[in-house]
Amino acid sequence: MIRRDELVAACQAELNAERFKDYTVNGLQVAGRERVTRVMSGVTACQALLDEAVAWGADLLLVHHGYFWKNEPVAITGIKQRRLKTLLGHDISLLAYHLPLDAHLTLGNNARLGERLGLRASGCADGELGEGLVWLGEPDEALDEAALAARIGERLGREPLLISGHAGPIERVAWCTGGAQDMISLAHEAGAQAFISGEISERTTHLARELGIGYLAAGHHATERYGVQALGDWLARRFGVEHRFVDIDNPA
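An unreviewed UniProt entry lists the chain under the name Nif3-like dinuclear metal center hexameric protein, from Bisbaumannia pacifica. Regarding the chain, the relevant UniProt record gives this comment under Sequence similarities (unreviewed entry): "Belongs to the GTP cyclohydrolase I type 2/NIF3 family."

Trainee: Would you mind going over the overall build of the chain with me for this structure?
Mentor: Looking only at helices and strands, the chain features 10 helices and 13 strands. Against the compact-globule benchmark of 18 Å for 252 residues, the chain has a radius of gyration of 19 Å, which places it among compact chains. With the C-alpha coordinates aligned to their principal axes, the bounding extent of the chain is approximately 55 × 35 × 30 Å. Burial status across the chain gives 53% buried among its 252 residues. By sequence separation, contacts in the chain at least 24 residues apart represent 64% of the contacts at least 6 residues apart. When the accessible surface of the chain is summed, it comes to about 11200 Å², and 49% of that surface belongs to carbon and sulfur atoms. Computed over 25 positive and 34 negative side-chain charges, the separation of the two mean positions in the chain equals 6 Å.

Trainee: How should the UniProt feature "binding site: a divalent metal cation 2" (unreviewed entry) in the chain be read in this particular structure?
Mentor: Look at the UniProt record and you will see "binding site: a divalent metal cation 2" (unreviewed entry) annotated at His64. Inspection of the secondary structure assignment puts His64 in strand S5 (residues 60-65). Not counting the four nearest positions on each side in its chain, His64 is found in contact with Gly42, Val43, Tyr97, His98, Leu101, Asp102, Asn109, Glu224 and Val228. Within polar-contact distance, the side chain of His64 engages the side chain of Asp102 at 3.3 Å.

Trainee: Explain the sheet that holds strand S6 (residues 93-96) to me, please; I cannot follow it from the model alone.
Mentor: Strand-to-strand pairing in sheets goes through backbone hydrogen bonds, with the strands running parallel or antiparallel. The strand order S2-S6-S5-S4-S13 describes an open sheet built from 5 strands, whose pairing is mixed. Both edges of this open sheet fall to strand S2 (27-30) and strand S13 (242-245), since each of them pairs with a single strand only. For this sheet, the mean angle separating the axes of adjacent strands, direction not counted, is 30 degrees. Pairing of strand S4 (residues 38-44) with S5 involves 5 bridges; the strand directions are parallel. Bridging across to S5, Val39 finds its partner in Leu60.

Trainee: I would appreciate a short explanation of the packing of aromatic side chains in the present structure.
Mentor: Geometrically, a pair of aromatic rings is defined through the distance of the ring centres and the angle of the planes. By the definition in use, this model includes 3 aromatic pairs. Between Trp135 and Trp175, the ring centres sit 6.2 Å apart and the planes meet at 50 degrees, which makes this aromatic pair tilted. Residue Trp135 is located in strand S8 (residues 135-139), and its partner Trp175 is located in strand S10 (residues 173-175); the two are separated by 40 residues in the primary sequence. According to the relative accessible area criterion, Trp175 is buried, its value standing at 1%.

Trainee: What should I look at first to understand the packing of helix H2 (residues 47-56) against helix H3 (residues 78-89) in this one?
Mentor: Between two packed helices, the angle of one axis relative to the other and the distance separating the axes together describe the packing. With their axes 10 Å apart at the nearest point, H2 and H3 run at an angle of 15 degrees to one another. The orientation of H2 relative to H3 falls into the category roughly parallel. Here H2 and H3 pass one another in a crossing that is left-handed. On H3, the residues touching Gln47, Leu50 and Val54 of H2 are Arg82, Arg83, Thr86 and Leu87. Classifying every residue of the contact of H2 with H3 gives 3 nonpolar, 2 polar and 2 charged.

Trainee: Explain H3 here, please?
Mentor: Because the α-helix completes a turn every 3.6 residues, residues three or four places apart line up on one side. Its 12 residues give H3 an end-to-end C-alpha distance of 16 Å, which sits within 8% of 16 Å, the value for a rise of 1.5 Å per residue. Buried residues of H3: Lys80, Leu84, Thr86 and Leu87, and no others. With its buried residues spanning 155 degrees around the axis, H3 presents them on a single face. Exposed residues lying more than 90 degrees from the buried face of H3 are Lys85 and Gly89. Packing partners of the buried residues in H3 comprise S2, H2 and S6. Downstream of H3 by one or two residues, Asp91 has phi in the positive range, about 60 degrees.

Trainee: Just to check I follow, could you spell out the sheet that holds strand S11 (residues 194-197) for this structure?
Mentor: Strand order across the open sheet formed by 6 strands is S7-S8-S10-S11-S12-S9, with mixed pairing between neighbours. If you trace the sheet from one side to the other, it starts and ends with strand S7 (119-124) and strand S9 (161-163), each paired once. Geometrically, the sheet is characterised by an average inter-axis angle of 25 degrees between neighbouring strands, direction not taken into account. The sheet contacts of helix H5 (residues 109-116) involve S7, S8 and S10, and relative to S10 the element is tilted by about 140 degrees. Strands in contact with helix H6 (residues 145-156) are S9, S11 and strand S12 (214-217); relative to S12, the strand with the most contacts, it is inclined by about 15 degrees.

What counts as what
Residues numbered from 1 in each chain as written. Predicted model: local features only at pLDDT ≥ 70, side-chain atom pairs only at ≥ 80, totals over all residues. Heavy atoms only, no water. UniProt positions renumbered as here; feature names shortened; annotations may be inferred. Helix = DSSP H or I, 4+ residues; strand = E, 2+ residues; numbered from the N terminus. Rg over C-alpha atoms; globule rule 2.2 N^0.38 Å. Buried < 20%, exposed > 50% of the residue type's maximum accessible area, 1.4 Å probe, protein only. Contact = heavy atoms within 4.5 Å. Areas by Shrake-Rupley, 256 points an atom, 1.4 Å probe, with all protein chains shown as cover. Lys, Arg positive; Asp, Glu negative; His and termini not counted. Charge placed at Lys NZ, Arg CZ, Asp CG, Glu CD. Polar contact = N/O pair within 3.5 Å; in protein donor to acceptor, adjacent residues only side chain to side chain. Pairing = 2+ DSSP bridges. Axes fitted to C-alpha atoms, helices over the stretch in contact; angles between N-to-C directions. Phe/Tyr/Trp six-rings, centres within 6.5 Å; stacked < 30°, edge-to-face > 60°. Parallel < 35°, antiparallel > 145°, perpendicular 65-115°, else oblique. Left-handed = near helix turned anticlockwise from the far one by under 90°. Nonpolar A, V, L, I, M, F, W, Y, C, P; charged D, E, K, R; others polar. Expected span 1.5 Å × (residues − 1). Arc of directions from axis to C-beta.

The structure is reproduced here in C-alpha cells:
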C-alpha cells in the first residue's frame, strides 16, 4: 500500500511530465481514495475499462488517454458524466499521461514499440531521446517494406496498412505511436526509408508515394498498449502495489 499522492509524485518525476506542452492534463485527473493497493492500467479510460476497474476493486486507474482534452465540451453530461460518476462513486483515482508517456526513454510507448519490433533506437528527429516523439533507428536484420509489415503484424497481432514508397532494403526506420501520420515529412527529412505510426489520413498516401518513404499504419491502439503496461509494472516494482493491465479491444 502506498499513499496516492506519493505514487503520483513519483510518476510526475519519472516521466518529467511538467516539461511537456500537451493537449490535456498530465497527472492526476480524478482523485479517489488516499491509499493505493491495486493499480489497473489500460490505453483509454473508456467505460468498459472503468467497469473492469470497479469489478477488480482497483484503487487507481492508469491510462494513456484520459479526459479533459483541449477544446472538448466542458459540460459534465452524457458519456462524461457517466464515466466520472463511475470513478467518483467507487472512489477510484484516474492518473493519465499522454506525451510524457510517448517520449520516455525506457517506459514510453515509442521505446517499448521499438523494442518489440526489433528496432535499435539511435536518436529522434525532433529532439533528444527521452524528449522527442519521432524516434529513429535501425532494424536488427535486413528488411524490406513487406518484411517489416509482416513483422509488425506478427508482433502486434494486427496487420498494418502498408503504403509502399521505398523499394529495396530499409536501413533507417522512424516511428511515432498513435496519431502521428503527419510527421511523415519529418521522418523523411531525417533519412528514414520507412515510417511507422498508428493512423493514416487520405493525404498520407500521397505524401508517402511522392516522398519515397514507406508508411505503415499499425493501429493507434495497437501501437500504444505497451508504455502504460511498462509504467504500471514500474509502479508495482517500486511500491509493491498489485498491477493488472486490461486490453479493451479497439481495431482503430
